[in-house]
Amino acid sequence: MSLEIVIAGVTLVSLIIYALMGGADFGGGVWDLLARGPRAKRQRQIVADAIAPIWEANHVWLILIVVLLFTAWPRAFAAMMTALHIPLTIMLIGIVLRGTAFVFRKYDSKRDSVQHRWSLVFGISSLVTPVVQGMTLGALATGDIRVEKSLVLTGFFAGWLSPFAWACGVFALVLFAFLAAVYLTLDAAAEPEVQNDFRLRAIWAELALAPIAAVVFFTSRGEAPEMYRGLTNWWAPWLLVVTSGCALVALGALWKRSFKLARVAAIGQVTTILAGWCLAQYPHLIYPDVTITNAAAPQITLKLLVIALGVGSVILLPSLYYLFKVFKGSR
Amino acid sequence: MTDLQFARAQMGMSLAFHILFAAVGIAMPIMMAMAEGFYLRTKKPVYLDLAHRWAKGTAILFAVGAVSGTVLSFELGLLWPKFMEHAGPIIGMPFSLEGFAFFTEAIFLGLFLYGWKKMSPIAHWLSGVMVAISGVMSGVFVVTANAWMNTPVGFTYENGEFSDIDPIAAMLNPAALHEVLHMTFAAMVATGFLVAGIHAYFLLRNKQSEFHRAAFGIAAALACVSIPLQVLTGDLAARRVAKYQPMKLAAMEAHYETRSHAPFVIGGIPDDETKTTKYGVEIPNALSILIGHKADTVVPGLDQIPREEWPNVKLVHWSFDVMVGAGMVMLGLAMWAGMAYWKRRSEWISPRLLKSFVWCAPLGFIALEAGWFVTEFGRQPWIIYGIMKTSEAVTPMPNLVVPFTTFTIVYIFLSIVLVFLLKRQFLETAPEKRGDV
């Protein structure tokens, strides 16, 4: 197997973990924004406690993805950063405001008005960021961004404003919110009423995902034909079976209140969606001009990168395991 | 202003902002681990209180550092796509290692900040040690990448193409050693003096406070041990800049004319037109002696390169003077504190000494920013020294005034809130209370 494929695999895994961890943290922010009813305050507290120790570590997966991109596919990175300058800048501002508002809220005055103000910043930035992330990812599949060598020919608005990209953005948002609600049912185990709040939210979010996925699929036909072709490949029905199987299990488990099973199913669902997405786009990084192979860095760079990844994960993986064992181990 | 200038302003502002939190992220964990280590050994609760309270401040600052660092990793590509396209494969290596170091730092900081009751005391303390080590390491790797921009090696450059890439050689570039040392100690000096100054202020108001005495002791110790080492690494840096980037050194010294018996110029107003520095204080022969240990050493001046390749001489020269001046004041204070400790041991903390620490509190960070200005403005107009101009690397994106303004507003807003919140942490939580731990 060639090195760029290995690194592409690592990048995909990082992307999936980022969605499962970092994505869920954004989802938590969405539920903070949407906290309603007599238990709103408790809901917010549980969201805050759940993400406080881990959100920074979860966030680093995004930095890892960026570093992998510019080290292994520098030309693709340059083109993406040029063509998607605007949504990425919006995403960055979202990331800055989300993280700082979350920490500031914790250490600022406990007066309701002050807390409310920070919650609003935290919630809105948690809502906007996943949308632009989805739009950015969607834009890469549209074929609207054309690249010659490393020059972007299509300006700064290509792709990411298309209905397909918007659908991807909304899909990412609801997916993250669903994931967060499922996790939060476990974090709220000590308070059955709040747990039920998150259970209902998870169910609603999961139900909303199906029509949005359909919109993504049908808009891809006209706007991201390669993606559409990929999604109608021989393996696509199997993937669809697995994904919807996971979704149904998650729904059933939520209904039956077996929350641990729901979590496993939700993780399976998100993993297959992202893996399928990348398979459908393979081997393109930016459809149709930039591929994993034609934008790859020199072999020596790739070789050293693989070694660095190996050495790094020897330190990283046990540390991560320990982090989650300490804070989420009892569940 | 042109789009290039806005891009440079945005990058410069983002870096100047982030570097404050990066420095704190390197040095605070060392002090927290020291405090908790003292607690484990002496079982005095005051040290545990200290570790807790420092941890709170660090939590706030680290979060801002993490998100502003993310902004930077994207801005490399958003603002300088041409640079990253070529530099990515060459210096991706230290960036990936930095990624892992930062990962480790974030993981163990989470454990340190939130794991007080969930881990054994030793495991908790070891987490703090891990944060300190990985914090230093992530700084080391990222500065290595910056050093490569100053002394680019590890490739062949022909007709605008980079070939024969050797990422290991690039990582071990000539500027790496001195930049890494100078930046790491800068972080300790800046944070040490700032924290010592803050606690000195409270100690002056409440002389009996065990808490502030312990805090001041640790911070002042870190500051006073690292400042002489920092001066030594600065000397090393100056020699190596003279060797590998003589034109940067010339700008630092406002040294226009190639000559022997070159003086060391302090202050003054460099004038690019007349190639002289008015009103500066000159120490005869000092620059020649500094560089070559002999008064007749010929020191190349800016006249060696075309005018359009000069960095901003005024800015680089003044920044250099500010850095050195602040460093010397801190060195003097450290020597005074050291002598007081030598003579009087337990009674070494006098009100006059405390007052001086209060006044010198911001000097470390002033020196750090000024030093950063020297290395970054001194590199201009190159983004890869001697190979690629900054103007060739900039994004084709128009209207860069918009992101520049946006980020400026966001960062100013964050700075104001931060000052307010840190003050609040300090004034409102009594040291006896453990708050939300």
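Small disclaimer: the values here were computed from a predicted structure and weren't measured.

**Structural notes on the overall build of chain B**
- Assigned secondary structure in chain B consists of 14 helices and 8 strands.
- Radius of gyration (C-alpha) of chain B: 23 Å, near the 22 Å computed for a compact globule of 437 residues.
- Taken along its principal axes, the extent of the C-alpha atoms in chain B is 65 × 45 × 40 Å.
- Counting across all 437 residues of chain B, residues that qualify as buried make up 61%.
- For chain B, the accessible area works out to roughly 17,900 Å², and carbon and sulfur atoms hold 66% of it.
- The positive charge centre, built from 33 side chains, and the negative charge centre, built from 32, are 15 Å apart in chain B.

**Regarding the pattern of salt bridges**
Residues and elements named next belong to chain A.
- The full count for this structure, using the stated rule, is 11 salt bridges over all chains.
- Among the ionic pairs, aspartate 197 bridges to arginine 39, the shortest N-O distance being 2.8 Å. Remark: arginine 39 occurs in the loop between α1 (3-33) and α2 (40-51) and aspartate 197 occurs in helix α8 (residues 192-223); sequence separation between them is 158 residues.
- On the accessibility criterion, aspartate 197 (9% relative accessible area) is buried.
- Residue classification places arginine 39 among the partly exposed positions, given a relative accessible area of 24%.
- Beyond isolated ion pairs, a larger network of salt bridges with shared partners links Asp32, Arg44 and Arg105.

**Here we look at the packing of helix α3 (residues 55-72) of chain A against helix α2 (residues 45-79) of chain B**
- Between α3 of chain A and α2 of chain B, whose axes approach to 10 Å, the crossing angle comes to 15°. As the angle between them shows, α3 of chain A and α2 of chain B are arranged roughly parallel. Taken as a pair, α3 of chain A and α2 of chain B cross one another with a handedness that is left-handed. Contacts from Trp55, Glu56, His59, Leu62, Ile63 and Val66 of chain A of α3 of chain A reach α2 of chain B at Phe62, Ala63, Ala66, Val67, Thr70, Ser73 and Phe74 of chain B.

**Structural notes on the nonpolar core**
- If you look at the biggest cluster of nonpolar residues, it comprises 270 residues, and the most contacted ones within it are Trp73 of chain A together with Trp54, Phe83, Trp148, Phe216 and Phe357 of chain B.
- No other element matches α2 of chain B, which puts 21 residues into this core.
- In contact with phenylalanine 83 of chain B, other than residues within four places in its own chain, are Leu76, Gly88, Ile91, Trp148, Met149, Ile383, Ile384, Met388 and Ala393 of chain B.

**Some words on the side chain of glutamate 75 of chain B**
Residues and elements named next belong to chain B.
- As for its placement among the helices and strands, glutamate 75 is situated in helix α2.
- Of the side chains bearing the opposite charge, arginine 379 lies closest to the buried glutamate 75, which forms no salt bridge; the N-O distance is 12 Å.
- Other than its neighbours up to four places away in sequence, glutamate 75 contacts Gln10, Met11, Ser14, Trp80 and Phe407.

**A few points about the interface of chain B and chain A**
- Taken residue by residue, the interface counts 62 residues in chain B and 61 residues in chain A.
- Each partner contributes to the roughly 5,600 Å² buried at the junction of chain B and chain A, and carbon and sulfur atoms together form 81% of this total.
- In terms of surface lost to chain A, no three residues of chain B exceed Phe74, Phe100 and Phe103 of chain B, which account for 13% of the buried area on that side.
- Put simply, chain B and chain A have 0 salt bridges between them.
- At the surface where chain B touches chain A, the tally comes to 5 residue pairs in polar contact (both at pLDDT 80 or more).
- Taken together, the elements giving at least two residues each to the side of chain B that touches chain A come down to α2, α3 (81-114), α5 (167-171) and α14 (401-428) of chain B.
- The greatest single-element share of the side of chain B that touches chain A, amounting to 22 residues, is contributed by α3 of chain B.
- Of the residues belonging to the side of chain B that touches chain A, the class tally is 43 nonpolar, 13 polar and 6 charged.

**Describing α3 of chain A**
- Here α3 of chain A is 18 residues long and its end C-alpha atoms lie 26 Å apart, about the 26 Å a rise of 1.5 Å per residue gives.
- With 18 of its 18 residues buried, α3 of chain A lies for the most part within the structure.

**Thoughts on the environment of glycine 159 of chain A**
- Examined against the element boundaries, glycine 159 of chain A turns out to sit in the loop between β2 (151-152) and α7 (163-187).
- For the pair glycine 159 of chain A and threonine 301 of chain A, spaced 142 residues apart in sequence, the C-alpha to C-alpha distance is 31 Å.

**Some details on the confidence of the model for chain B**
All names here are of chain B.
- Per-residue confidence for chain B gives a mean pLDDT of 88, with 97% of residues at or over 70.
- Mean pLDDT values for the elements of chain B range from 82 in strand β5 (residues 276-278) up to 94 in helix α12 (residues 363-377).
- Note that residues 431-437 has pLDDT below 50 and, in this model, 13 contacts with residues that lie over four places away or in other chains.
- Note on the complex model: pTM 0.90, ipTM 0.90.

**Looking at the side chain of glutamine 245 of chain B**
- Along the polypeptide, glutamine 245 of chain B turns up in the loop between α7 (210-244) and α8 (246-252).
- Judged by its relative accessible area of 3%, glutamine 245 of chain B falls in the buried class.

**Let's talk about the packing of helix α5 (residues 85-107) of chain A against helix α6 (residues 112-142) of chain A**
Residues and elements named next belong to chain A.
- Put simply, α5 and α6 touch, their axes get as near as 8 Å, and they point 150° apart. Compared by their axis directions, α5 and α6 come out roughly antiparallel. For the crossing formed where α5 meets α6, the hand is left-handed. When α5 is examined against α6, the residues Pro87, Leu88, Ile90, Met91, Gly94, Ile95, Leu97, Arg98, Ala101, Phe102, Phe104 and Arg105 are found in contact with a partner set consisting of Gln115, Trp118, Ser119, Val121, Phe122, Ser125, Ser126, Val128, Thr129, Val132, Gln133 and Thr136.

Parameters and conventions
Residues numbered from 1 in each chain as written. Chains lettered and ligands numbered in written order. Predicted model: local features only at pLDDT ≥ 70, side-chain atom pairs only at ≥ 80, totals over all residues. Heavy atoms only, no water. Helix = DSSP H or I, 4+ residues; strand = E, 2+ residues; numbered from the N terminus. Rg over C-alpha atoms; globule rule 2.2 N^0.38 Å. Buried < 20%, exposed > 50% of the residue type's maximum accessible area, 1.4 Å probe, protein only. Areas by Shrake-Rupley, 256 points an atom, 1.4 Å probe, with all protein chains shown as cover. Lys, Arg positive; Asp, Glu negative; His and termini not counted. Charge placed at Lys NZ, Arg CZ, Asp CG, Glu CD. Salt bridge = Lys/Arg side-chain N within 4 Å of Asp/Glu carboxyl O. Axes fitted to C-alpha atoms, helices over the stretch in contact; angles between N-to-C directions. Parallel < 35°, antiparallel > 145°, perpendicular 65-115°, else oblique. Left-handed = near helix turned anticlockwise from the far one by under 90°. Contact = heavy atoms within 4.5 Å. Core = buried A, V, L, I, M, F, W, Y, C linked by side-chain atoms within 4.5 Å. Buried area = accessible area lost by both parts, 1.4 Å probe. Polar contact = N/O pair within 3.5 Å; in protein donor to acceptor, adjacent residues only side chain to side chain. Nonpolar A, V, L, I, M, F, W, Y, C, P; charged D, E, K, R; others polar. Expected span 1.5 Å × (residues − 1). pLDDT = per-residue confidence, 0-100.

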